[in-house]
Amino acid sequence: MNQAITYQVDPLLQVLNVSAMGFIMPLLGFAFLSLFTLKEKTVWYVAISALVASFFSLVVFFKPLVHAHQYFTISWFQIAQSNFQVTLLMDDTCFWVLTMIHLVTLMVVLFSGYYMKAEQRIEKYFAYILLFFTAMVALVMVNNLMVSYIFWELVGFASYALIGFWRTKESAILANRKAFIINRIGDLGFLAAIFILYNQFATLNLQSIEVLVQQSPNNTTSLYWASAAILIAIIAKSAQFPFHVWLPDAMEGPTPVSALIHAATMVIAGVYLLLRISFLFPLEVLLLLKYLSLFSILMGSIFAMVQNDIKKILAYSTISQIGFMLFAISIGNNQLALFHLLTHAFFKAALFLAAGAFIHENKSQDIRLLKGVSKQMPLVFYAYTVASAALIGFPFTAAYLSKEGIVYAAFSQSGFNITNVLLVVSVLLTSIYVSRMWFHLNADKTATKLQSNPLAMLLPILILSIASLFFIFSINPLHLESMWLAIKLDHVPFVFSLGMIAMSLFGVLLVKYTPVILNPNESNRLVLFLQNGAYIDQLYEMVFVKPILKLAAVLKWLDRHVVDALVDGIAKLAITLAKISDWFDRKVIDGFVNLIALIAKRFGDLIRISQTGRVQTYFLLALMMMAILAWFIY
Amino acid sequence: MNITIGHFLMISAALFAIGFYAALRRRNIILVLIGIELMVNAAVINLVAFANVNKNGNAQDGKLMALFAIVLSAAAIALALAIVVKVYQHFKTINPDEVEEFKN
Amino acid sequence: MINLVFYFFAFIAIVSALYAVSTPLIIRSVFAMFACFFAIAGLLVFAQSDFIAVSHLMIYVGGILVVMVFGIMLSQGSSLSAVVRSNKTISLHQYLVLIVCVSVFLILSYFFYQYAPNTSIHYEGSDLQLIGIALLTKYLFPFELLSILLLAVFIFTAIITRKKKELN
Amino acid sequence: MNWLSILIFLPIAAALVLLLMPKGAAKVFRPVAITIGVVQTIIAGILYVKYLSNPQGYQFVERYDWINLNLGTFGRLNIDYFLAVDGLSLGLLLLSAFVMTIAAIASSEIQKDPKAYYTLFLLLSAAIMGVFCALDFFLFYVFYELMLLPMYFLIGMWGGPNREYAAIKFFLYTLFGSIFMLLVMIGLYFSVIDPITGEHTFNMLYMMDAANYTKDSYFSIFSSDALLFNYPVRFLGFIVLFIAFAIKIPTIPLHTWLPDAHVEAPTPVSIILAGVLLKIGGYGIIRICYGIFPEAAIYFSYWIGLIGVISIIYGAFIALASTDLKRMIAYSSISHMGFVILGIASLTSEGVNGAIFQMISHGVLSTMLFYLVGVIYQRVHDREIAAFRGLAQPMPRYTMFVVIAFFASLGLPGLSGFIGEAFTLIGAFKSASVNALLPRGFAILAAVGILIGAAYFLWTLQRMFFGAARFKGAEEWNLKLKDLTATEYVVLIPLALITILLGVFPSLLFDASNNTINAWVHETWIHGIANLKSMQSLLKF
Amino acid sequence: MEWYLKLQSLIESNNLSWKFLLPEFFLLLFFLLGLIIDLFWKPSKLLPLLMLAGLAVSGYFTFLQISTPNQAQQLFNGMLLLNNKTIIFKLLLTLVSFIFLVYSLTDQRVKQQRISEYFYLVPLFLIALNMLCMSSHLLSIYLSLEMVSLFSYGYVALAINEKRNAEAAMKYILFGLLASALLLYGISLLYGFSGTLSLLDPNFLAAFAKAPMPIIALSLTLILAGILFKIAAVPFHFYAPDVYQGTSATTLVLLSIAPKIAGYAMFANFLSCFSFQIFNQQLFWPMYNWETTLSVIASVTIILGSFVAISQTNIKRLMAYAGIAQSGFLLMGLIGYTAIGLVALLNYLFAYVLMTSAAFMLISYFEQQHEAFDLADYKGLVSKSPMAAILLVIVFASLIGLPPFIGFTGKFLLFSASYQAYLSSANPSVLFTIFTAAIGSIISLFYYFKIVRNMFMREATWVKVSSEEQGVLYFLVLPIVIAIIYFGILPSGIIAYIQSLIA
């Protein structure tokens, strides 16, 4: 945690380490795939082998280094007196998250081999996935805000590219633009935080900043601003209110992408970043985060309750679940947040992949039309059920441990108050929307079973659903003490657990016996309101997008007709002056005479306009000008 | 009452103004030339009158200047009349207003 | 007594000049100029410059005015008296010129009245000899130059007035 | 070796050779221009590498008497042929050589009168090299003006339908700035004394030192009556020079020549215009305005920063509303060059380094963008955004480069645009706590400009390139819209590589500029404050 | 006896002076030869060549008159003053006349009409111009000024297009005679109150200073009117456009330059007796505010000339107004009457000779080849006569004052000189002039490049092409343009030479 631990290794070893940590292989894969057009299978193999190589290096080279808690520093460039360095961090958190990313990505790539079969430009698809993977891995590992920012944006770019992968699909290309721009707003917050921190500490290395913050705790003002700014980045990336609107739209992308980026990995980048820099956050900002995340939890689950699109339900569920993680951090329980991050990644990826399988076979995303999938692909449906149970938080799943932990931590921290009650309510709501989805999918028992179940489809779903079970993390299915992970968590009282389970069960039963919830009346205004995400999108369109476009149009008009005219006016003025002086040069006397003659005419026909001799007029004029000049000088 | 230089100068001023009037006002090139001659004559009167003030050494300056001015104006008038004749050949008028072919 | 002659000449000069510039008939104004130039020559004699006066008479009356008459005849042919003002109305331009000319006269005469040296002039005899000597000593060079100028004007006048046919 | 002179005179020699060639030899003109460009790039590259080994101060100095006259009471008229480069100019020199090469390659579309075209092209190249190398103000001015005539004809003869207007507008605007620059230059000449010879001098380096001004001259900081219209003459001088360069950059509200010039200019000329000529404005501000009048720079920095911020936002907004692709890119140039001004105004090492990086990055990117516009314009003679839809369908490779260029321009990290923007903003932000010249809000507002930048680039991508293919020219266009040709790859690949390279390894540029800029910022600040104090006590303003 | 001795000295001075007029004698000799040849062998091709030889000989002897160090010779009892400054003016005039004669040889219209006077009057004209340069006595000034004017009227009247010539000549002569009448009246007042006509008379200024202020102002204003007419400066510029329009461009090669140069030479002579050098500082006679007068006239001339030029549609009218604006620039060299100002003036006059003669030769070329008179006729000419078009662009660029052409160094020196004048006089109107000159330079771009635009960027409507005769471009205009570029890049030589001569 201080300078003594940071050490420089010799360059060769550095390079080895970096490559060992798996940047190089996926990056090469990305470059290879984006430059060459290959056969579909080959592409798939290339992607898988790149990932496997990366995974291998993670386990073989990275794992042994974890406990040494090391930083690797490469000088990047120097500007002013500051040396910008790329610092790589290796610790437990990092390792677990990396493992999760590797696993999920590998599964998703496997699944894509089935799901994206016979697509055009498949090599681009895998290339972007590999780019995303590289950026994500780097984002997790780097410990310098500047570099973080770079990868933070790069994952956003990869997400942009993948959402819009079907680039002839109108809704997809609108969605990816929206996703990128909203993330850009967050990025501005990140940039602002970078400005503030660099300005304050003259470094962007997180460990140096942490040391400096601890040394002088009286920079609170800048910390307020910095943490508030970075909070914007976090909630934008993690799709929290009020920046959540991009995530449901992002479901227009291919489903494996949704599983990878918009459920398991990229969206939790915000949470991960917050975990890393939570030391910056003053209590007030954490409180703000608490309310924001609680609102997102409730909002996500409520919106999820009325959606009919299976991917949208899952998207809102993601918003809600990430809210749980942020909530955990806001109450100071980083470990629980990390835990929920990991569990959520697995079960949500499983849910998405299963949903992808359903969608792929039925060519529909509407849960009301997918009613026969339980019979159609029973194996997948079982996995789906397991993952759903994890989402709800039933015992024997990993998420039971994490979610219960969070709710309990909230209670144990602040007791029985409205926020905590709402948290419990959200557990109920989660149970409701998940079971609603489940009942729908299980509605038709008459469907015929699918003949072929390719391994590329089954294997990832099964592995991920198994990973959502408790034993991956803990020996004891009900308690948090005996974690495999090096995460220290509180003991949850049995009564509390029971209450939670009861609440969840109540939700399932409620759905089972309340047809209104199962099939909400679509003509109901409230339902419509919720289905459309409370019209927040439209509100933004009206309040921000339209005025900005209008302003741009007005400015363009001004530029053309006012600014250009103003500056151009000088030239025009010159021409006008030219005309005036030309006129003056030849006609002033004529004009003068004519004018006076015109006036005189009103008094009678005494004076008639008469042509004057030009030479003579000129000379008279010259003489008068000379007289004026002489007069002027004396 | 003696005749002083002032008297000559007054006459010259009057002739100058009259010549000026003709030169600027009359619509006939020949009258314009007559006006110019009157102006030159005014100057000649000035020069000759002033020659009487400066009797020291340069006494003849003004007179000779006047002489040269007279001769020069004669030459100029000759050339001007030649041009007038030519103008008349082409325009059939000697009103300077009507000699106007250039248009911009 | 001799002063009266001076005033007479002055009167003739100014009145005939005025007549010359205001008469509508060119030929009349040319003849008015005869009178004017005679009077001016007389005034020059009063300013002790009899040589200049004689030259003036010779050049103006004998030269310029004759040339002008020729010019009028050449440019207006037989209709010597037909030159009348085509436009009898008075334009403001003319007023303006009048105002300018009157103010020129007023300014000049005011300046001369204010600042003219108070030297009185008497006729003291002919200056012919002095001018002759000056012309051949101090003013020899301008005298020579003038001859070149006159030659040039002669050539120019000849070229300009020759008939167009000869050019081709 | 007189490397810099070779850089300058090589194209002139080539131009003369071209002039003597017969019209039938039209085929070799472009190869000659390309070869000259490549040779220049190589020379500039060698110089760059040499400089990197010891990145301090001015190097490759060449100094000869050019005009040296004794004019009696007037004193001597001393004008030197004085060339040298430092970390500030070397990067721009390399960029110019490179962009000129690219422009020469891109000139394949020029059919009309190639001889005249390439002669003017090479003359322009020489003038550009000269501007970046000259350290004598007079010499600088000569090169600066020398650019105008070739540029005028390049726009005016090979441009679009409204080319006359654009060409004369360009010419008039620039001349307006430069004539007044001439006046200030003369005023400076009469104020500055060469400390060695004791004569007046045009040497910029001497002009930068307050000690070299004669005590009661108009531009002296020690003069107690250096007021003109009750305003310090030095401030007026600064304003005049700043306007001259601000026209070139260009900033609001002196920018209106730029969209017209770009829209009308042929592709290679647009490339030169955006890639090189705009940089001369930024270079001039750093080297001349700030170098010679540091106190005025400090005094006006708030307003300069404000101009930068307004340029950023205003340019971005108009780009958002533009319907012509080239016009949009032209306005995006205004927006991007606003960052340069903001960075310079911050007077921090980060800001100025960032500004230089931004100039070079924008040089590469605008080259790429204008070339890309040229590609489709050449195919269908249309560049209305609304005329295209789903261009990615017939032209996937092309779209790939567009995506790279757009994302680099909107500041995607990993590509060059980001580093420049980020560091100018960091500098602007830092300024408040280091030297209190700019309020923090400027950096934040400018950051909003980045956001709008993202909006118009992405919107354009979505409207033009994605979606189902549908063109104004229907089937006919479908046939014409072929993907990139080999030449186009040759142009685009190096540009894309440089963009990525600079984005990943910014030290390639910072290593050369950092020392120079650190010293420059330090000196500007120290001198500026000292001068300001002296002037305030003497002039009581 | 005393009187006799004085006469002796007067005659002595005359006798000694003749030898300094050797160049002019040669001119006269060749003129007479030409006259005789013209009388006896009417259609002679020898004549122009003979005149060229005369100019060359005269130029050679003028060159020989250069004295190092600079010595002033008073000739003919102070009628003329010969020093290196006037010699430079004379050389410039010889150069213009030479260019004009050479170019006239190629003018088809001159050839067709066989106007031999056109050629043999040139030496005589040059004599008049030389005299105007040298004159230092009000009589010789008036005489030579009138002589130059008469020659100008005559040249305008010489037939090419008779009707236009007649009109232009009429306007020119009426305007000119009026201006010279004013000049004469002014001279008479100056003489009356200073008691002398000689500007070199040591008592002149002292005596004139005793004159009442209004008289000083009146007389100098009237004299200025005559001078301004000669250099075509505002407000006595009105004749220029009409005269230019009515005269063939070939004649304008001479008429747009030579009288102006001589006018400036005379103006400089005239001003020199109003300025002193005190402690290295050039000061004007304090009774008359020359700086303000000159700077106001210069500013107004530049501004009016430039602005009016914009709206012209006839090329020669445009060039007339452009010439008026150039006149204002030249006046900047005289503000302050500093040494550098004179150098700047002479240098710019040299530039002016090259640029303007080249411009009018090219315009004349276009007139003859393509019947181009209006700006609209210049459309697309680059495709018909590319060489001429390119040369014209360079000439225009130089006239605007763009580097690296001679016009730039010329204007640069003029700006420097007026800045110097501003520093020494601290007269704000001088600064104002500098600003207006800057503005004028910008505007000049506008009108010159209207022609360039028409030539290069517009399609030809109709172009009449007569026989392709590019010879004149190569052997006459091209060398001049090369000189324009050469002296633009390496101006030291010429400036240093001028400086060394007049120091």
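Just so we're clear, the structure is a prediction, and the values are computed from it rather than from any experiment.

J.: Help me out: how do you make sense of the overall build of chain D in this one?
T.: In terms of helices and strands, chain D carries 20 helices and four strands. With respect to the three principal axes, the spread of C-alpha positions in chain D is 75 × 55 × 45 Å. In chain D, which comprises 541 residues, the share counted as buried stands at 72%. Taking all contacts inside chain D whose residues are at least 6 apart in sequence as the whole, residues at least 24 apart take part in 78%. Of the roughly 15,100 Å² of accessible surface on chain D, 67% is carried by carbon and sulfur atoms. Averaging the coordinates of the 30 positive side-chain charges in chain D and doing the same for the 28 negative ones gives two points 7 Å apart.

J.: Quick question: what am I supposed to make of unusual backbone geometry here?
T.: Negative phi characterises most residues that are not glycine, and trans characterises most peptide bonds. For the peptide bond that leads from F241 of chain A to P242 of chain A, omega is 5 degrees, which places it in the cis range. Mapping P242 of chain A onto the fold places it in the loop between α9 (220-237) and α10 (246-250). In this structure, L347 of chain D takes a positive phi of about 55 degrees despite not being glycine. Turning to its location among the elements, L347 of chain D is positioned in the loop between α13 (325-346) and α14 (349-380). Although it is not a glycine, H381 of chain D sits at a positive phi angle of roughly 55 degrees. Turning to its location among the elements, H381 of chain D is positioned in the loop between α14 and α15 (396-409). Given a relative accessible area of 57%, H381 of chain D falls into the exposed group.

J.: Honestly, α13 of chain D in this entry has me stumped. Any pointers?
T.: An α-helical turn contains 3.6 residues, so a residue and the one three or four places further along point in the same direction. Residue and element names in this part refer to chain D. With 22 residues, α13 ought to run about 32 Å at 1.5 Å a step, and its terminal C-alpha atoms sit 32 Å apart, in line with that. Most of α13 is tucked away, with 22 of its 22 residues classed as buried. Where α13 begins, one side-chain oxygen reaches toward the backbone nitrogen of K326, 2.7 Å away; that side chain belongs to D324.

J.: Would you mind showing me how to read the interface of chain B and chain C here?
T.: With 70 residues of chain B at the interface, the matching set in chain C holds 80 residues. Where chain B abuts chain C, roughly 6,500 Å² becomes buried across the two surfaces, and 77% of that area is made up of carbon and sulfur atoms. It is I3, R25 and F68 of chain B in chain B that bury the most area against chain C; as a group they hold 10% of the surface buried on that side. Inspection of the region where chain B meets chain C yields one salt bridge. Taking the shortest distance from any N to any O, the salt bridge between D61 of chain B and K138 of chain C comes out at 3.5 Å. On the surface where chain B and chain C come into contact, there are ten residue pairs in polar contact (both at pLDDT 80 or more). Secondary structure elements with two or more residues in the side of chain B that touches chain C: α1 (5-25), α2 (29-51) and α3 (59-91) of chain B. Residues belonging to the side of chain B that touches chain C are distributed by class as follows: 48 nonpolar, 14 polar and eight charged.

J.: Would you mind going over the arrangement of the chains with me for this structure?
T.: The pair of protein chains exhibiting the most contacts, out of eight pairs of chains in contact, is chains B and C. Separated without contact, chain B and chain D have their nearest C-alpha atoms at a distance of 24 Å. Spatially, chain C is disjoint from chain D: no contact exists, and the shortest C-alpha separation is 35 Å.

J.: Just checking my understanding: could you explain the confidence of the model for chain A for this structure?
T.: Any segment with low pLDDT has predicted coordinates that should not be analysed in fine detail. All names here are of chain A. On average, residues of chain A score 79 in pLDDT, and 85% of them are at 70 or above. Across chain A, the secondary-structure element scoring lowest on mean pLDDT is helix α1 (residues 11-20), at 55, and the one scoring highest is helix α14 (residues 310-330), at 89. Confidence drops under a pLDDT of 50 for residues 1-9, and excluding neighbours within four residues, the segment shows 18 contacts in the predicted structure. A low-confidence stretch, residues 599-613 stays under pLDDT 50, and its non-local contacts, those more than four residues away or across chains, total 22 contacts.

J.: Just checking my understanding: could you explain the packing of helix α7 (residues 163-191) of chain D against helix α21 (residues 428-457) of chain E for this structure?
T.: For any two helices packed against each other, the geometry comes down to the angle between their axes and how far apart the axes lie. At a minimum axis distance of 10 Å, the contact between α7 of chain D and α21 of chain E shows a crossing angle of 155 degrees. One element, α7 of chain D, and the other, α21 of chain E, form an angle in the roughly antiparallel class. Here α7 of chain D and α21 of chain E pass one another in a crossing that is right-handed. Here R163, E164, I168, F171, L172, L175, F176, I179, F180 and L183 of chain D of α7 of chain D lie close against α21 of chain E, whose contacting residues are I434, F435, A438, I439, S441, I442, L445, F446, F449, R453 and M457 of chain E. Across the contact of α7 of chain D with α21 of chain E, the residue classes break down as 17 nonpolar, one polar and three charged.

J.: Explain a nonpolar patch on the surface here, please?
T.: Together, L151 and F154 of chain C together with L32, I36, L39, F40 and W41 of chain E make up a nonpolar patch on the protein surface, roughly 790 Å² of accessible area in all. Looking at the nonpolar patch, the elements with two or more residues in it are α6 (140-161) of chain C together with α2 (22-40) of chain E. The element contributing the most residues to the nonpolar patch is α2 of chain E, with four residues. Here W41 of chain E lies in the loop between α2 and α3 (46-64).

J.: Looking at this model, I keep getting lost on the pattern of salt bridges. Mind explaining?
T.: Pairs can form between side chains of opposite charge whenever their charged atoms are close. Per the stated rule, a full pass over the model turns up 26 salt bridges over all chains. Between R379 of chain D and E488 of chain D there is a salt bridge, with the nearest N and O atoms lying 2.9 Å from each other. Taken together, the positions of R379 of chain D in helix α14 and E488 of chain D in helix α19 (residues 486-504) put the pair 109 residues apart, joining distant regions of the chain. Residue D242 of chain E pairs with R317 of chain E through a salt bridge whose shortest N-O separation is 2.9 Å. With D242 of chain E in helix α12 (residues 239-246) and R317 of chain E in helix α16 (residues 315-332), this residue pair connects regions lying 75 residues apart in the sequence. Classification of D242 of chain E as buried rests on a relative accessible area of 3%. Residue class for R317 of chain E comes out buried when judged on its relative accessible area of 2%. The structure contains a network of salt bridges with shared partners spanning E167, K171, D242 and R317 of chain E.

J.: Explanation requested: the environment of N518 of chain D in the structure shown.
T.: You can see N518 of chain D is positioned in helix α20 (residues 507-539). Sequence separation of N518 of chain D and S349 of chain D is 169 residues, and the distance between their C-alpha atoms is 5.5 Å. Beyond its immediate sequence surroundings of up to four residues, N518 of chain D is in contact with A80 and Q81 of chain A together with S349 of chain D.

J.: What am I meant to see in the packing of aromatic side chains here?
T.: Geometrically, a pair of aromatic rings is defined through the distance of the ring centres and the angle of the planes. Tallied over the entire structure, the rule returns 129 aromatic pairs over all chains. The structure contains a cluster of three or more aromatic residues connected by ring pairs, namely W66, F138, Y141, Y189, F190, F202 and Y218 of chain D together with F408, F412, Y419 and Y422 of chain E. Sitting over the ring of W152 of chain A, K237 of chain A keeps its end group 5.1 Å from the ring centre.

J.: Could you clarify how one ought to interpret the pairing of strand β2 (residues 76-85) of chain D in this entry?
T.: Each regular strand shows side chains that alternate between the opposite faces of the sheet. Residue and element names in this part refer to chain D. A large share of β2 lies buried, amounting to nine of its ten residues. Summarising the sheet, strand β1 (residues 59-70) and β2 pair through nine bridges and their orientation is antiparallel. When the sheet's bridge partners are listed, L69 is paired in β2 with L77.

J.: Mind showing me how you'd approach the side chain of T94 of chain E here?
T.: Residue and element names in this part refer to chain E. Mapped onto the elements, T94 comes out in helix α4 (residues 84-106). The class for T94 is buried, based on a relative accessible area of 6%. Every residue in contact with T94, bar those within four places of it in the chain, is listed here: L55, G59 and L126.

J.: Explain the packing of α4 of chain E against helix α14 (residues 258-272) of chain E here, please?
T.: Residue and element names in this part refer to chain E. Relative to each other, α4 and α14 sit at 175 degrees, their axes nearing to 9 Å. As far as their axial angle goes, α14 and α4 are roughly antiparallel. Contacts between α4 and α14 involve K85, T86, F89, L92, L93 and V96 from the former and A258, I261, A262, Y264, A265, A268 and N269 from the latter. Taken together, the residues that form the contact of α4 with α14 break down as ten nonpolar, two polar and one charged.

Calculation rules
Residues numbered from 1 in each chain as written. Chains lettered and ligands numbered in written order. Predicted model: local features only at pLDDT ≥ 70, side-chain atom pairs only at ≥ 80, totals over all residues. Heavy atoms only, no water. Helix = DSSP H or I, 4+ residues; strand = E, 2+ residues; numbered from the N terminus. Buried < 20%, exposed > 50% of the residue type's maximum accessible area, 1.4 Å probe, protein only. Contact = heavy atoms within 4.5 Å. Areas by Shrake-Rupley, 256 points an atom, 1.4 Å probe, with all protein chains shown as cover. Lys, Arg positive; Asp, Glu negative; His and termini not counted. Charge placed at Lys NZ, Arg CZ, Asp CG, Glu CD. Expected span 1.5 Å × (residues − 1). Polar contact = N/O pair within 3.5 Å; in protein donor to acceptor, adjacent residues only side chain to side chain. Buried area = accessible area lost by both parts, 1.4 Å probe. Salt bridge = Lys/Arg side-chain N within 4 Å of Asp/Glu carboxyl O. Nonpolar A, V, L, I, M, F, W, Y, C, P; charged D, E, K, R; others polar. pLDDT = per-residue confidence, 0-100. Axes fitted to C-alpha atoms, helices over the stretch in contact; angles between N-to-C directions. Parallel < 35°, antiparallel > 145°, perpendicular 65-115°, else oblique. Left-handed = near helix turned anticlockwise from the far one by under 90°. Patch = residues over 30% accessible without salt bridge, like charges linked within 9 Å, V, L, I, M, F, W, Y side chains within 5 Å. Phe/Tyr/Trp six-rings, centres within 6.5 Å; stacked < 30°, edge-to-face > 60°. Lys NZ or Arg CZ within 6 Å of the ring centre and 35° of its normal. Pairing = 2+ DSSP bridges.

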